[in-house]
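What the coordinates show
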Amino acid sequence: MSEPTADPTHALAELSRIRLDEISLDDMLLRVATLASRTVPGAREVSVTLVRAQLGWTAAFTGDLARELDEWQYEQQRGPCLDASASGDTISLPDMTVEQRWPQWARRARAVGVGSSLSIGLPIQESVVGALNVYGGPANAFDPPAVAVAEHFAAYAAVALANAHMYDSAATLAEQMQEAMRSRAVIEQAKGIIMGERRCTPDEAFALLSKISQDTNRKVREVAEALVARAVQRARV
């Protein structure tokens, strides 16, 4: 069994010090995978599976071997990382040579030098679940203390990932709202220009913008931006 290079307490403290406004969700996921590979005794490679609407993907990985073993499961729609994601449980495969639940996947794992694995469910939020996947070289790479370390780390990582996911979603929503407000502002400016030129109502001005949008196959916002830009240019002449 390989020795961990990071103390579990120090690794958890490092996770807790991460500021969500200074790191992206993707970077957070990679940090979780990297710290787990350094913390769990016996770990050879680590990946993080995320599942949304029954679609799984590897959001972070420490090496191509982990990513490829994950992706085979997604293609077949079955495997320990998907089952752990769905159940939130820990699924241990101590010896790939005698594994009967996923024999085809176990053969692929043995072929690339993986003799054992752990997949620990990460209940991130209602719409997104996942698993921390830890791959070991020899059979029986993870003894009970190693499994306990992995589960403790995964529980802490799940909270960090849930917070990161919520922050990322909130930041995305805020950006979308700001963009919508900018679009609304320029459309209102364009309506005002049209109303002044044509002596029409706000509804009639917007109807004209919509018609130009349809005729030119452009968004209403793009039509409004062009109209405002022309008005500004005329005012400067």
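For the structure, check the block above.
The following refers to the structure shown. Only a predicted model underlies this, so the values are computations on that prediction, with no experimental measurement involved.

Conventions and cut-offs
The written sequence of each chain sets the order in which its residues are numbered from 1. Note on the predicted model: pLDDT of at least 70 is required for a residue's local features to be given, and 80 or more for side-chain atom pairs to be given and counted; whole-chain, interface and lining totals, by contrast, use all residues. In computing side-chain properties, one takes all heavy atoms of the structure into account and sets aside hydrogens as well as water. Strands are runs of DSSP state E lasting at least 2 residues, helices are runs of H or I lasting at least 4, and numbering of each runs from the N terminus. In this analysis, two residues are considered to be in contact whenever any of their non-hydrogen atoms come within 4.5 Å of each other. Each accessible area is a Shrake-Rupley estimate made with a 1.4 Å probe; only the visible protein chains count as cover when residues are assessed. Pairs of N or O atoms within 3.5 Å make up the polar contacts considered here, provided that, within protein, one atom can donate a hydrogen while the other can accept it, and that residues adjacent in sequence are counted only when both atoms are side-chain atoms. In this scheme, a residue with accessible area under 20% of its type's maximum is buried, one over 50% is exposed, and one in between is partly exposed, where area comes from a 1.4 Å probe on protein chains only. Arc definition: directions from the helix axis to the C-beta atoms. Only the six-membered ring of Trp is used, alongside the rings of Phe and Tyr, when aromatic pairs are assigned; centres must lie within 6.5 Å, and planes under 30 degrees apart are stacked while those over 60 apart are edge-to-face, with the rest tilted. We count a charge as sitting over a ring when the NZ of a lysine or the CZ of an arginine lies within 6 Å of the ring centre and within 35 degrees of the ring normal.

**Brief notes about the overall build of the chain**
Each helix and strand counted, the chain has 8 helices and 5 strands in total. Along the chain, from the amino end to the carboxyl end, the secondary structure elements read α-α-β-β-α-α-β-α-β-β-α-α-α. Of all intrachain contacts in the chain linking residues separated by at least 6 positions in sequence, the fraction that spans at least 24 positions is 58%. When the accessible surface of the chain is split by element, carbon and sulfur atoms take 51% of a total near 13100 Å².

**Notes on the environment of Asp215**
Structurally, the position occupied by Asp215 is in helix H7 (residues 202-216). One polar contact links Asp215 to Lys211, side chain to side chain, over a distance of 2.8 Å.

**Structural notes on helix H5 (residues 103-111)**
Within the span of H5, buried status applies to Trp105, Ala106 and Ala109. Down the axis of H5, the sector holding all buried residues measures 100°, keeping them to one side. Just downstream of H5, Gly113 is the residue with a positive phi angle, here 90°.

**Observations regarding the packing of aromatic side chains**
Evaluated as defined, the whole model comprises 1 aromatic pair. Aromatic side chains Trp105 and Tyr135 sit 6.2 Å apart centroid to centroid with 45° between the ring planes, which places their arrangement in the tilted category. Linking Trp105 in helix H5 with Tyr135 in strand S5 (residues 128-136), this pair joins segments that are 30 residues apart in sequence. One Lys or Arg, Arg67, reaches over the ring of Phe61 and ends 5.5 Å from the middle of that ring.

**Some points on unusual backbone geometry**
Its identity as a non-glycine residue notwithstanding, Gln77 has a phi of 60°, on the positive side. Relative to the assigned elements, Gln77 resides in the loop between helix H3 (64-76) and helix H4 (80-87). The class for Gln77 is exposed, based on a relative accessible area of 69%. Positive phi, normally seen in glycine, also occurs at Asn217, with a value near 60°.

**A few points about the environment of Arg101**
Its location among the elements puts Arg101 in the loop between strand S3 (90-93) and H5. Relative accessible area serves as the criterion here: at 42%, Arg101 is assigned to the partly exposed category. Residues Arg101 and Pro80, 21 residues apart in the sequence, show an inter-C-alpha distance of 8.8 Å. When sequence neighbours within four positions are dropped, the list of residues in contact with Arg101 reads Arg78, Ile91, Ser92 and Leu93. A polar contact of 2.8 Å, which involves the side chain of Arg101, links it to the backbone oxygen of Ser92.

Honestly, that's just the spatial picture; any functional story needs more than this.
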